[in-house]
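Structure assessment
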Protein chains: 2
Amino acid sequence: MVGICTKMKKLANDDHRRLLHSFKVGIALTLVSTLYYVTPIFKGFGSSTIWAVLTVVLVMEFTVGGTLTKGLNRAMATLLAVASAFGAHHVAILTGGKGEVILLGIFIFLIAVVATFLRFIPVIKARYDYGVLIFMLTFSLVAVSSFRNHETFMLAYKRLMTIAIGVAIALLVSVLVFPIWAGEDLHLLTATNLERLAGFLEGFGAEYFGEKVKHDKIKSKALLQTYKSVLNTKATEDSLANLGRLEPRHGRFRFRHPWKQYQKIGSLCRRCAYLVEALSSYIIRSESQAASELENNTRIRDACMDISKESRSAIKVLASSVKTMTTLSDSKNHMTAAAEAAKSLKMTLSEEGLLIREALHIATIVSLLLEIVSCAQDIEVAIEELAKLAGFEISSDQGNDGLKEKEKSVSDHVELEGISIVVLE
Amino acid sequence: MVGICTKMKKLANDDHRRLLHSFKVGIALTLVSTLYYVTPIFKGFGSSTIWAVLTVVLVMEFTVGGTLTKGLNRAMATLLAVASAFGAHHVAILTGGKGEVILLGIFIFLIAVVATFLRFIPVIKARYDYGVLIFMLTFSLVAVSSFRNHETFMLAYKRLMTIAIGVAIALLVSVLVFPIWAGEDLHLLTATNLERLAGFLEGFGAEYFGEKVKHDKIKSKALLQTYKSVLNTKATEDSLANLGRLEPRHGRFRFRHPWKQYQKIGSLCRRCAYLVEALSSYIIRSESQAASELENNTRIRDACMDISKESRSAIKVLASSVKTMTTLSDSKNHMTAAAEAAKSLKMTLSEEGLLIREALHIATIVSLLLEIVSCAQDIEVAIEELAKLAGFEISSDQGNDGLKEKEKSVSDHVELEGISIVVLE
């Protein structure tokens, strides 16, 4: 119990807007419930009023864009579905008797099949998923209720009206009470991702090329781990960009703000994070070797230090440029400095006689290839574990000394690990 | 119109189960509608029957695990919410008169705030999100209807019963008509991801180290691009593993199949894909240089070829081991062969006098660092584009010749590109 409370407190502290959103939903729901009790708006609606309550709960999303998307989807889909259902009903009654019911059943079946299939189309899934669902749902509701002629018209009318009221309340609360904008969220996420990449370069430079290098601690440094969250931001970014499209002008973001460009920047940030991941996994595996070599090469170390420092500064300036929406000339200065540092590193390398064209090129490819082999070995071990846990069958062409095979594989692993270290020394 | 049809045909051909699922939803919905018309099950339920239709549409998910999760969430949450709402109602009527309404309003507000906040907790978001939503919704519905004493008990009872019927129909159709299992999907996704990694290594080996190397075409080879879809599978895998947990024994997967191990393998596959991405982006940028060097070093080229071939074969065997759920000894042979190839590469390097300890190590770090710098430059260009599109303000400390700055930045970019190529030559 105490654990849950601590967790929730942390969640609220990490992002105050979560608590804010919770209160907003509370306000909207209490509002619609009170309207039901106090005012005459809902008079004559009877039990249909529940649609308004339901709509508020279902449509209230964290961001204005989310509420807008869901609200519009719900309202438009209901309208379309009611119209189509009436059309279907009118076609059906032409046949009369049993034929009417069968025809309506066929309509429901066809609509369900087509609508469900449409939801697999990526563009529709991203933007109109909820609308297609509600269309299918409302069409069936109206068609089904017309089976028994339960005042079909009134049902449809009430559903439309109550849903409109629900959407209106959800939207008003969402926009008027401390609005949370999807676009702004995407904007801040982009700046945060850049800061995390800069954070890695800063920590990496200091830890790895700094004066007092303690390589055994690189693994555990929190600063060097924050970039990992950049690796998996694609889904969040795509969804925020989609929701942001619909949001009206707010703060310094106009209606047609270039949200697509944020996705482009996001994909570049991820590419950078993949490189950082490769660099970091290479360094962690070869820590002790690299350490001693760099200690002997203060000039190379200093040049690497400069490169990481300057690119870190450049990215940091870019992050604050995005955050404050101002163009800063500083980033260019730092980029130039990084270029200078790269030039000076090249000089150092030639002076020390270390620059052998082939070696440098081949070394990079070989190192990465060996990293991939080593990763493949980790995958093998994990799959062996899975085979044990899930009780994989032993293939007929395996021979009968499985245990021996296993022992062999373990020694192979150690051997290759040894080899790759030797090669990379 | 023709375009949409072609797209839909492609979607259906890519995965036949999509069409299957659409028909299943059609069947379930027609079934519940027909039940409503034909049988006496729903007699006396009046307009509440729509809850059953609604439940079928909302609960039918692509996989059995999805339908099970949503169905259980919906049924349990409704039960709990009805019980809580009755409790709240009984507490509220003790106060009587206006106090009752105010107290119920407070209850609704508190439930909405707490429930909405709970949905931010990751574990709850992953597994019980829909349940918490339905709890909040049903609690409000029952509490609101008790405002006017509209046969609250009957409303709750009907809602419970119709939802139970809806969930039962959705589950029966989901399990009995061509079931699609989330667990099996995760299983196949893991095998496919491994195959994609093997596909890259195969194409990479043949294209880059093969006899007839055409480096200018590496970029456009489709085979070398398939690994990219491995980079962003985390969300899908996590969701499938969550849904798989609930599924009963099916085929060769028992109830407590080690789905977590699949997530572990998935994260290793992604790590491998990050390395592949780093390797591939390095090669694409330095194609022509690397090409000529490797042509002069047939022995190194052959060794690299062997390494990629053997790790590719090992991963391919692992993929089919997962797919067929059999342990195959072949993967170990290929891993050993990859280790042998690595050993022989090391020999070749020493014989040719190319193995300089420092150079190899430093080269890798320097190359990756320079890749990061170059990626940072791409980010800078993208952010400059954003600044233009979104109309960023010009910072006061920029000076007043923005155009000159821009020109300078372009030439910097070219310059650094030049330098990094020189360094890496």
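Every value quoted in this text rests on a predicted model; they were computed, and no experiment measured them.

From N to C terminus, chain A includes 16 helices and two strands. Considering chain A as a whole, with its 425 residues, one finds that 56% of them fall into the buried category. Accessible surface, chain A as shown: approximately 17,900 Å² in total, 63% of it carbon and sulfur.

For the structure shown, the criterion picks out 17 aromatic pairs over all chains. Each member of the aromatic cluster is reached from another via a ring pair, and the members are A:Phe62, B:Phe117 and B:Phe120. The ring of A:Tyr130 carries the charged tip of A:Lys70 above its face, separated from the ring centre by 4.7 Å.

Next up on the list: the environment of A:Ala88. Residue and element names in this part refer to chain A. Secondary-structure assignment places Ala 88 in helix H4 (residues 64–95). Taking the relative accessible area as the measure of exposure, Ala 88 reaches 8% and is therefore buried. C-alpha separation for the pair Ala 88 and Val 366, spaced 278 residues apart in sequence, amounts to 67 Å. In this view, Ala 88 contacts Leu 104, Phe 107 and Phe 139; residues no more than four positions away in its chain are not counted.

The subject of this paragraph is the state of the cysteines. Disulfides are covalent bonds that connect the sulfur atoms of two cysteines. All names here are of chain A. If you walk through the whole model with that rule in mind, you get zero disulfides over all chains. Left unpaired, Cys 269 is separated from the closest cysteine sulfur, that of Cys 272, by 7.1 Å. Taking the relative accessible area as the measure of exposure, Cys 269 reaches 1% and is therefore buried.

Further remarks concern the side chain of B:Glu100. When you line up the elements, B:Glu100 lands in helix H5 (residues 97–118). Look past the residues within four positions of B:Glu100 in its chain and what remains in contact with it is B:His89, B:Ala92, B:Ile93, B:Thr95 and B:Ser146.

This part covers the pattern of salt bridges. A side chain with one charge may pair with a side chain of the opposite charge, provided their charged atoms come close. Summed over all chains, the structure comprises 25 salt bridges over all chains. Here A:Arg270 and A:Glu237 are joined by a salt bridge, their closest N and O atoms 3.1 Å apart. With A:Arg270 in helix H11 (residues 259–285) and A:Glu237 in helix H10 (residues 234–244), this pair connects stretches of sequence that are 33 residues apart. The residues A:Arg270 and A:Glu237 share a single accessibility class, namely buried. We note a salt bridge from B:Glu61 to B:Lys70, for which the minimum N-O separation is 3.4 Å. What emerges from the salt-bridge pattern is a single network uniting A:Asp15, A:Arg17 and A:Asp185.

Quick look at H5(B) now. The end-to-end C-alpha separation of H5(B) is 32 Å, in line with the 32 Å expected for 22 residues at 1.5 Å each. Residues B:Glu100, B:Val101, B:Leu104, B:Gly105, B:Ile108, B:Ala112, B:Val113, B:Ala115, B:Thr116 and B:Phe117 constitute the buried set of H5(B).

With that settled, consider unusual backbone geometry. Residue and element names in this part refer to chain B. Despite not being glycine, Phe 178 shows a phi value in the positive range, around 40 degrees. Summarising the element assignment, Phe 178 is placed in the loop between helix H8 (152–176) and helix H9 (182–209). What makes Phe 178 exposed here is its relative accessible area of 57%. If you check the backbone angles, Met 325 has positive phi at about 55 degrees while not being a glycine.

So, about the nonpolar core. Counting 130 residues, the largest nonpolar core has A:Phe204, A:Leu279, B:Phe204, B:Leu279 and B:Ile379 as the members making the most contacts within it. When near neighbours in sequence (up to four residues on either side) are disregarded, A:Phe204 contacts A:Phe209, A:Leu224, A:Leu279, A:Ile283, A:Ser308 and B:Leu369.

Let's shift gears to the packing of H4(A) against helix H8 (residues 152–176) of chain A. All names here are of chain A. Running from amino to carboxyl end, H4 crosses H8 at an angle of 170 degrees, the nearest separation of the two axes being 10 Å. Judged on the interaxial angle alone, H8 and H4 are roughly antiparallel. On H8, the residues touching Val 64, Thr 67, Leu 68, Gly 71, Arg 74, Ala 75, Thr 78, Leu 79, Val 82 and Phe 86 of H4 are Thr 152, Phe 153, Ala 156, Arg 159, Leu 160, Ile 163, Val 167, Ala 170, Leu 171, Ser 174 and Val 175. Classifying every residue of the contact of H4 with H8 gives 14 nonpolar, five polar and two charged.

Now for H8(B). Taking 1.5 Å as the rise per residue, H8(B) with 25 residues should run 36 Å; its terminal C-alpha atoms sit 36 Å apart, in good agreement. Downstream of H8(B) by one or two residues, B:Phe178 has phi in the positive range, about 40 degrees.

Further remarks concern the confidence of the model for chain A. Residue and element names in this part refer to chain A. Within chain A, residue pLDDT values average 79, and 79% of them lie at 70 or more. Mean pLDDT across the secondary structure elements of chain A bottoms out at helix H16 (residues 402–424), with 35, and peaks at H10, with 92. Counting interchain partners and residues more than four positions distant, the pLDDT-below-50 stretch residues 398–425 has 44 contacts. Two numbers describe this predicted complex: its pTM, 0.83, and its ipTM, 0.82.

Residue and element names in this part refer to chain A. Together, Phe 153, Met 154, Tyr 157 and Met 161 give the surface a local cluster of nonpolar side chains, amounting to about 380 Å² of exposed area. Locating Phe 153 in the fold gives a position in helix H8. Here Phe 153 falls in the exposed class, since its relative accessible area comes to 56%.

Within the secondary structure, B:Leu176 sits in helix H8. Between the C-alpha atoms of B:Leu176 and B:Phe253, which are 77 residues apart in sequence, the distance is 17 Å.

Reading the values: the criteria
Residues numbered from 1 in each chain as written. Chains lettered and ligands numbered in written order. Predicted model: local features only at pLDDT ≥ 70, side-chain atom pairs only at ≥ 80, totals over all residues. Heavy atoms only, no water. Helix = DSSP H or I, 4+ residues; strand = E, 2+ residues; numbered from the N terminus. Buried < 20%, exposed > 50% of the residue type's maximum accessible area, 1.4 Å probe, protein only. Areas by Shrake-Rupley, 256 points an atom, 1.4 Å probe, with all protein chains shown as cover. Phe/Tyr/Trp six-rings, centres within 6.5 Å; stacked < 30°, edge-to-face > 60°. Lys NZ or Arg CZ within 6 Å of the ring centre and 35° of its normal. Contact = heavy atoms within 4.5 Å. Disulfide = S-S within 2.5 Å. Salt bridge = Lys/Arg side-chain N within 4 Å of Asp/Glu carboxyl O. Expected span 1.5 Å × (residues − 1). Core = buried A, V, L, I, M, F, W, Y, C linked by side-chain atoms within 4.5 Å. Axes fitted to C-alpha atoms, helices over the stretch in contact; angles between N-to-C directions. Parallel < 35°, antiparallel > 145°, perpendicular 65-115°, else oblique. Nonpolar A, V, L, I, M, F, W, Y, C, P; charged D, E, K, R; others polar. pLDDT = per-residue confidence, 0-100. Patch = residues over 30% accessible without salt bridge, like charges linked within 9 Å, V, L, I, M, F, W, Y side chains within 5 Å.

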